[in-house]
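Chain residues, written in single-letter form:
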Amino acid sequence: SKPQGFNMLKTLYFIFALFFTQEVLACSCVKFSLSETWRSYETVFIANVSEIEIVEEGGWKIVGDSRVLEHGKVKGSLKVLKTFKGVPSKVTHLQAAHYPMSSDCSITLSKGKYLVVTNKIGSIPISMCSETRRLEFLDYPEQAIFHLKK
């Protein structure tokens, strides 16, 4: 049997952690349905990111008297696997944070297959709120995309 003070200590620790943590998670995204996404974007395709390059080094930096975490940037080259609509060749690469922070919705790139949806050309920045994302993180089955084209 655990001593009576043990439960009180756990409760105090929980209250302390709840009220006195430094990091605040403030990322909030509006998600669209697949049909809304389809109607809203000119270019929709699946691509593989196989190479990732650090464009701007991120990490902890000293600015004045403070240490700050700077995102930096990475970019991933794309190999188009399947085009649904638009001209994917106008998209040069995906861009994301080198050191992401959950409080501002930033993410970093990883190798793998992405559903790319955009109205832009050139470099496409992505975040937690982007409609462009890894296939395994879609809010709908990958096969649903094939049915929209018909």
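Right above here is the structure, for reference.
Residues numbered from 1 in each chain as written. Predicted model: local features only at pLDDT ≥ 70, side-chain atom pairs only at ≥ 80, totals over all residues. Heavy atoms only, no water.

(A) Spotlight on the overall build of the protein. Counting its secondary structure elements, the protein contains 3 helices and 8 strands. Sequence-ordered secondary structure for the protein, helices as α and strands as β, is α-α-β-β-β-β-β-β-β-β-α. Counting across all 150 residues of the protein, residues that qualify as buried make up 29%. Looking at the protein alone, contacts between residues at least 24 apart form 66% of all its contacts between residues at least 6 apart. (Helix = DSSP H or I, 4+ residues; strand = E, 2+ residues; numbered from the N terminus. Buried < 20%, exposed > 50% of the residue type's maximum accessible area, 1.4 Å probe, protein only. Contact = heavy atoms within 4.5 Å.)

(B) How the structure looks around the sheet that holds strand β5 (residues 91-96). Spatially, the 6 strands line up as an open sheet ordered β7-β5-β4-β1-β6-β8, and their pairing is mixed. Of all the strands in the sheet, the pair left with one neighbour each is β7 (122-125) and β8 (133-134). Here 4 bridges tie strand β4 (residues 73-85) to β5, and the two strands are oriented antiparallel to one another. Pairing of Ser77 across the sheet is with His93, part of β5. (Pairing = 2+ DSSP bridges.)

(C) Inspection of empty space enclosed by the protein at higher detail. The full count for this structure, using the stated rule, is 1 cavity of 30 Å³ or more. Size it by volume and the largest cavity reaches roughly 40 Å³. Lining the largest cavity we find Leu34, Thr37, Trp38, Val44, Leu115, Val117, Tyr140 and Ile145. Of the residues contributing to the lining of the largest cavity, the split by class is 7 nonpolar, 1 polar and no charged. (1 Å grid on protein atoms, 1.4 Å probe; cavity = no way out; pocket = protein on both sides within 12 Å on 5 of 7 lines; lining within 4 Å. Points joined across faces, edges and corners; volume = space filled by probe spheres on them. Nonpolar A, V, L, I, M, F, W, Y, C, P; charged D, E, K, R; others polar.)

(D) Structural detail: the layout of surface pockets. The space that makes up the largest pocket amounts to roughly 200 Å³. Along its surface, the largest pocket is lined by Ile107, Thr108, Ser110, Tyr114, Ile126, Ser127, Met128, Ser130, Thr132, Arg133, Arg134 and Phe137. Residue composition of the lining of the largest pocket, grouped by class: 5 nonpolar, 5 polar and 2 charged.

(E) Broad picture of the state of the cysteines. Under the definition given, this model contains 1 disulfide. Between the sulfur of Cys29 and that of Cys129 lies a disulfide, 1.9 Å long from S to S. Classification of the bridge connecting Cys29 and Cys129 rests on its S-S torsion, roughly -70°, and on that basis the disulfide is left-handed. Separated by 100 residues along the polypeptide, Cys29 in the loop between α1 (4-20) and α2 (34-40) and Cys129 in the loop between β7 and β8 bring together distant segments of the chain. (Disulfide = S-S within 2.5 Å.)

(F) Representation of the environment of Ala96 in the model. Structurally, Ala96 can be placed in strand β5. Residues Ala96 and Pro125 lie 29 residues apart in sequence; the distance between their C-alpha atoms is 5.8 Å. Those residues in contact with Ala96 that sit more than four places away from it in its chain are Gly72, Lys73, Val74, Ile107, Thr108, Leu109 and Ile126.

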